[in-house]
Amino acid sequence: MTGKRRSGATTALALDPRPHAFGGIAEQGLTLVDSDGDLILEVEEPPGKEQGREYCEYRVNSNSLRQSSSYFETLLHPDKFGEGATVAAKHDSVRSEYASISDVPAQKLPHIRLTDIGSVSRITTVKHIMADFLRALHGLDLSTGSPPLSNLANLAIVADRFDALPYFTQYVRRKKFIKALDGKANNKAGSLSEERMRQRVMIGIMLDYPPWAITYSERLIVRGSVRWKTEAPSDIAAALWWDLPSRVEELFGTQHWRQLRTLDCELQSRLYIRDTAVDEHADELIYRRECILETIDSLQSRFLALYTSRERQCKLGYDTSAQCDSFQLGEMLRFFTRQGTIRLQGTIFDTSEAPEPYSGDIEQLLASLRQCPSYQVDGNHAHCGLRSRLIPLLDVLEAFLQDVGICAECWQGNRAEYAWLEAKRPLTWKRYRFSTRRYQEGGEQLHMARHLDVRDIFTAVDRDWTATDA
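Everything numeric in this text was worked out from a predicted model, so none of it was measured. (Residues numbered from 1 in each chain as written. Predicted model: local features only at pLDDT ≥ 70, side-chain atom pairs only at ≥ 80, totals over all residues. Heavy atoms only, no water.)

Focus: the overall build of the protein chain
From N to C terminus, the protein chain includes 18 helices and 9 strands. Within the protein chain, buried positions represent 49% of all 470 residues. (Helix = DSSP H or I, 4+ residues; strand = E, 2+ residues; numbered from the N terminus. Buried < 20%, exposed > 50% of the residue type's maximum accessible area, 1.4 Å probe, protein only.)

Overview of the packing of aromatic side chains
Across all of its chains, the model carries 14 aromatic pairs by this definition. Judged by centre distance (6.4 Å) and plane angle (85°), the ring pair of W212 and Y216 falls under edge-to-face. Of this pair, W212 and Y216 both sit in helix α10 (residues 210-223), separated by 4 residues, roughly a single helical turn. Judged by relative accessible area, which is 5%, Y216 ranks as buried. Both rings, one in W420 and one in F458, keep their centres 5.9 Å apart while their planes meet at 25°; by these two values the pair is stacked. Of this pair, W420 sits in the loop between α16 (415-418) and β8 (428-430) while F458 sits in helix α18 (residues 443-459), and the two are 38 residues apart along the sequence. Just as W420 is buried, F458 falls in that class too. Three or more aromatic residues joined by ring pairs make a cluster, and in this case those are F400, W420, W429, F458 and W465. One cation-aromatic arrangement involves R200 over Y216; the distance from NZ or CZ to the ring centre is 5.4 Å. The ring of F303 carries R302 above its face, with NZ or CZ at 5.5 Å from the centroid. (Phe/Tyr/Trp six-rings, centres within 6.5 Å; stacked < 30°, edge-to-face > 60°. Lys NZ or Arg CZ within 6 Å of the ring centre and 35° of its normal.)

A closer look at the pairing of strand β4 (residues 111-114)
Side chains H111 and R113 project from β4 onto one buried face, and the interleaved I112 and L114 project onto a second face that is buried too. For strand β2 (residues 39-45) and β4, the ladder comprises 4 bridges, and the chain directions are parallel. Each bridged residue has a counterpart across the sheet, and for E42 the counterpart in β4 is R113. (Pairing = 2+ DSSP bridges.)

Details of the sheet that holds β4
Sheet strands pair by backbone hydrogen bonding; their relative direction is either parallel or antiparallel. In spatial order, the strands read β1-β3-β2-β4; together these 4 strands make up an open sheet with mixed pairing. Strand pairing shows two members of the sheet lacking a second neighbour, β1 (30-32) and β4, which therefore form its edges. Going from strand to strand, the sheet's axes swing by 25° on average, the running direction of each strand aside. Pairing between β1 and strand β3 (residues 54-60): 3 bridges, direction parallel. Residue T31 lies in a different strand from β3, and its bridge partner there is Y58. (Axes fitted to C-alpha atoms, helices over the stretch in contact; angles between N-to-C directions.)

Topic: the packing of helix α6 (residues 149-161) against helix α9 (residues 194-206)
It is at 10 Å that the axes of α6 and α9 come closest, and there the two elements cross at 40°. When the axis of α6 is compared with that of α9, the two are oblique. In this structure, α6 crosses over α9, and the sense of that crossing is left-handed. Residues L149, S150, L152, A153, A156, I157 and D160 of α6 form the contact with α9, whose own contacting residues are R196, Q199, R200, M202, I203 and M206. (Parallel < 35°, antiparallel > 145°, perpendicular 65-115°, else oblique. Left-handed = near helix turned anticlockwise from the far one by under 90°. Contact = heavy atoms within 4.5 Å.)

Points about the pairing of β3
Taking burial as the measure, the 7 residues of β3 include 7 buried ones, the bulk of the element. On β3, burial covers both faces: E54, C56, Y58 and V60 on one face and Y55, E57 and R59 on the other are all buried. Sheet analysis places β2 next to β3, joined by 7 bridges and oriented antiparallel. Bridge pairing in β3 places E42 opposite E57.

Concerning unusual backbone geometry
The phi dihedral of S246 is positive, around 60°, even though this residue is not glycine. On the secondary structure map, S246 appears in the loop between α10 and β5 (261-262). The backbone phi angle of R247 is positive, close to 65°, even though this residue is not glycine. Within the secondary structure layout, R247 lies in the loop between α10 and β5.

Points about the side chain of H451
As for its position among the elements, H451 is in helix α18. Apart from residues no more than four positions distant in its own chain, H451 is found in contact with C407, C410 and Y418.

A closer look at the environment of L220
On the secondary structure map, L220 appears in helix α10. Judged by relative accessible area, L220 falls into the buried class, the value being 0%. When the C-alpha atoms of L220 and D361 are compared, they prove to be 9.4 Å apart, with 141 residues separating the residues in sequence. Setting aside chain neighbours within four positions, we find L220 in contact with E194, M197, R198, V201, W228, L244 and L285.

Structural notes on the environment of I457
If you trace the backbone, I457 turns up in helix α18. Using a relative accessible area of 0% as the deciding quantity, one classes I457 as buried. In this structure the C-alpha to C-alpha distance between I457 and T428, which are 29 residues apart in sequence, comes to 8.6 Å.

As for the confidence of the model for the protein chain
Taken residue by residue, the protein chain gives an average pLDDT of 79. The fraction at 70 or more is 76%. At the low end of the mean pLDDT range in the protein chain sits β5, at 32; at the high end sits helix α7 (residues 165-175), at 97. The model gives residues 1-27 a pLDDT under 50, and that stretch makes 74 contacts with residues more than four places away or in other chains. Counting contacts from residues 435-442, a segment whose pLDDT is below 50, to residues more than four positions away or on other chains yields 8 contacts. (pLDDT = per-residue confidence, 0-100.)

So, in structure tokens, the structure goes:
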């Protein structure tokens, strides 16, 4: 199973050919997935969802279920569980009474009751989503030629719940459902709601479609999530895509923030600065976002440290000027303060709380930093100041930012080497080493090397932004 989260409800299995408490519904509400089926599945979703309790019945072929689902193969095996033995005995009984299984009325077939189909969305009608899932397990067409994105996401959740993902993945690939969704207009990541992006990430991971996993997880990391904000409510009844499976995402505990102290005051960063100790409950998506924001903040810290050091930063040559450095430091502080990325705070008596993390779009943050003006103390200091030194480094970050999404192939096949959370943080990332690095020949090595380069710059404890190792 790839899904890491399961609904808290326990699956109830009942083998009872007698009329049940919902008298009459068995015949009136029966969905014929296979008219010659030898088993009745009763699906009852418990109270607690917006639409209340639902009860549905489906006539299915037990052999089709066993061939396509490990869950049903184990459950219905006559030698593994009492339920399977009871179903086999009931089949022998009705075959002695009827010439064909298709002639057996539903009441006399063995019944199995399920009370949990997985963490599907609240607005989903259980009857229709389960019917489509069972049709897929029988190799039949769904109720719609090409299901909408939300339906496909819910079907993937149900398939995961019943250990049918390998079969269902091949079914979806054969029917070209994802290709049909990709062909529709307005699929650009920037135009999609967060829920739509999350559905695509989940499908990309669970149904083995790497393009969706890496594209939309990158967009989630960069744009942020309403679920990651401090005030976000915990909703255990939310659909699985709000808590992405396969250890990609999970709710985490209290954050710990470190504070940036320079000058004679405290410059508290308003970016996302994580403590060096990784919270044991943190997830991969949030950790990647934290590392990216910490890297951006390291640029800000770097220039503040340079211009408050004893080393002259003025680029005028023999006529360098301390007044130029002081002027640039003042303009730098004013710019960062106006952008809201730092705040000045005294350390004599501190009564304020740590600032909230930056929760906006990282691309917009980088764009705001690009607005840094090219102020100069006079006309002779055209190359002094922050802008001429900051913009090339922002270019480097933006190039790396395109590859921060989850590569489903590496995540499933080589997670120990690939995952950011499981990696030891490099002590120092050096820009000159990156610029001269040569990858090994071969696609697989080059593919992983690129991932590791991206991970190293964002997870390093310290970064040397100089272009050469002077």
